[in-house]
Amino acid sequence: GAGVSQTPSNKVTEKGKYVELRCDPISGHTALYWYRQSLGQGPEFLIYFQGTGAADDSGLPNDRFFAVRPEGSVSTLKIQRTERGDSAVYLCASSAQGTHTDTQYFGPGTRLTVL
Amino acid sequence: AQSVSQHNHHVILSEAASLELGCNYSYGGTVNLFWYVQYPGQHLQLLLKYFSGDPLVKGIKGFEAEFIKSKFSFNLRKPSVQWSDTAEYFCAVKSGNTPLVFGKGTRLSVIA
C-alpha cells in the first residue's frame, strides 16, 4: 500500500508568515508523529498523536507551533509568525498502534525555508 | 533525558571493506534500539531494531547490530559494503512511552 505522504515537498515563506504542513499517514495507522530535522542533525521529536488526540506534545518548541489530527488520519502542523530559525525539514511518521515496539514509517518530509 | 551519540560524522570506505558505525546512548533503563537509513533522495527507512532477546540483531541488506548493555552501545556492522550502501545512518533509542530520540547521524560514502 501507499506509504506516508507529505505536502508540500518544499515551502518557501517570509519571516512572520503562517504556514501549514500536511501529513497523510499509512492507512489504518493510529499513531502519527511529527519531527523536525535541521541541517547536520538527526530528527527531533515534536508531537505524537494517538488517534485524534495529542498524546505527547513535549517537543513543540513554543506556542507558535500547533498540530491537529481532527479525524484521526491526516494531520496538519501549523506554524505561526515563522522565524528564520524554523527553517528545517519537517518529517512525519506513522505506526500501527504507537506501542514502544512499533516501527515508525517516515514520509519524505517538507523542506521549509523562511526568508 | 535520553541522548544518543554517534561517534563518526562521515565515514569513507572502499567497496568490500568492513563497516562498523558506533552508537552509544545515555539511558540506563530498558531501551528499544533502532538503526534507520536514508539513501540519497529517499526518506528514512528502518534497517533493524532491538527490543529483547538475542543481542545480535540481523537487519536488511546484510546489516547487523549488537546490543551491549554494559557499554550502552548498539553498533552497526556490515562485513562487506557496496557502493549502494552510500547513505546517512541514524541510531535511535526509545524507552517505554518516551519519544524516539535520534543521534546526529553518520554519513557513509562508499567509493569504488
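For the structure, check the block above.
Secondary structure assignment for chain A yields 0 helices and 11 strands. Expected size for 115 residues packed as a compact globule is a radius of gyration near 13 Å; at 13 Å, chain A falls within 12% of this value. Based on the C-alpha atoms only, the size of chain A along its principal axes is roughly 40 × 25 × 25 Å. With 115 residues in all, chain A has 47% of them scored as buried. For chain A, long-range pairs separated by at least 24 residues make up 55% of all intrachain contacts whose partners lie at least 6 apart in sequence. For chain A, the accessible surface area stands at approximately 5500 Å², while carbon and sulfur atoms represent 48% of it.

Another aspect to go through is the nonpolar core. If you look at the biggest cluster of nonpolar residues, it comprises 28 residues, and the most contacted ones within it are Leu33(B), Trp35(B), Leu47(B), Leu48(B), Phe74(B), Leu76(B) and Tyr89(B). Broken down by secondary-structure element, the contributors of at least two residues to this core are strand S2 (10–14), strand S3 (19–21), strand S5 (32–38), strand S6 (45–50), strand S8 (64–68), strand S9 (73–78), strand S10 (87–94) and strand S12 (106–111) of chain B. Tallying contributions element by element places S10(B) first for this core, with 4 residues. If you look at the next biggest cluster of nonpolar residues, it comprises 20 residues, including Ile47(A), Phe49(A), Ala67(A) and Leu112(A).

Before going further, it helps to examine the interface of chain A and chain B. Counting residues at the interface gives 18 residues for chain A and 17 residues for chain B. Between chain A and chain B the total buried area reaches about 1500 Å² when both faces are included, carbon and sulfur atoms providing 58% of it. If you look at where chain A meets chain B, you find 0 salt bridges. On inspection of chain A and its partner chain B, the count reaches 2 residue pairs in polar contact (both at pLDDT 80 or more).

Note on placement: Glu83(A) falls in the loop between strand S8 (75–79) and strand S9 (88–95). Those residues in contact with Glu83(A) that sit more than four places away from it in its chain are Lys15(A), Arg64(A) and Val114(A).

So, about the environment of Lys49(B). With respect to the element layout, Lys49(B) can be found in strand S6. Linking Lys49(B) and Ala92(B), residues 43 residues apart in sequence, is a C-alpha distance of 9.3 Å. Other than its neighbours up to four places away in sequence, Lys49(B) contacts Thr101(A), Thr103(A), Leu33(B), Phe34(B) and Val57(B). Within polar-contact distance, the side chain of Lys49(B) engages the side chain of Thr103(A) at 2.7 Å.

This part is about the pattern of salt bridges. Residues and elements named next belong to chain B. Applying the stated criterion across every chain, the model contains 7 salt bridges over all chains. Residues Lys 58 and Glu 64 are paired through a salt bridge, measuring 2.9 Å at the closest nitrogen-oxygen approach. For Lys 78, the salt bridge goes to Asp 85, with nearest N and O atoms at 2.9 Å. Among the residues examined, Asp 85 registers a relative accessible area of 2% and is labelled buried. Put simply, Lys 58, Glu 64, Glu 66 and Arg 77 are held in one network by salt bridges that share partners.

Definitions and cut-offs
Residues numbered from 1 in each chain as written. Chains lettered and ligands numbered in written order. Predicted model: local features only at pLDDT ≥ 70, side-chain atom pairs only at ≥ 80, totals over all residues. Heavy atoms only, no water. Helix = DSSP H or I, 4+ residues; strand = E, 2+ residues; numbered from the N terminus. Rg over C-alpha atoms; globule rule 2.2 N^0.38 Å. Buried < 20%, exposed > 50% of the residue type's maximum accessible area, 1.4 Å probe, protein only. Contact = heavy atoms within 4.5 Å. Areas by Shrake-Rupley, 256 points an atom, 1.4 Å probe, with all protein chains shown as cover. Core = buried A, V, L, I, M, F, W, Y, C linked by side-chain atoms within 4.5 Å. Buried area = accessible area lost by both parts, 1.4 Å probe. Salt bridge = Lys/Arg side-chain N within 4 Å of Asp/Glu carboxyl O. Polar contact = N/O pair within 3.5 Å; in protein donor to acceptor, adjacent residues only side chain to side chain.

Shape descriptors only; they carry no functional weight alone.
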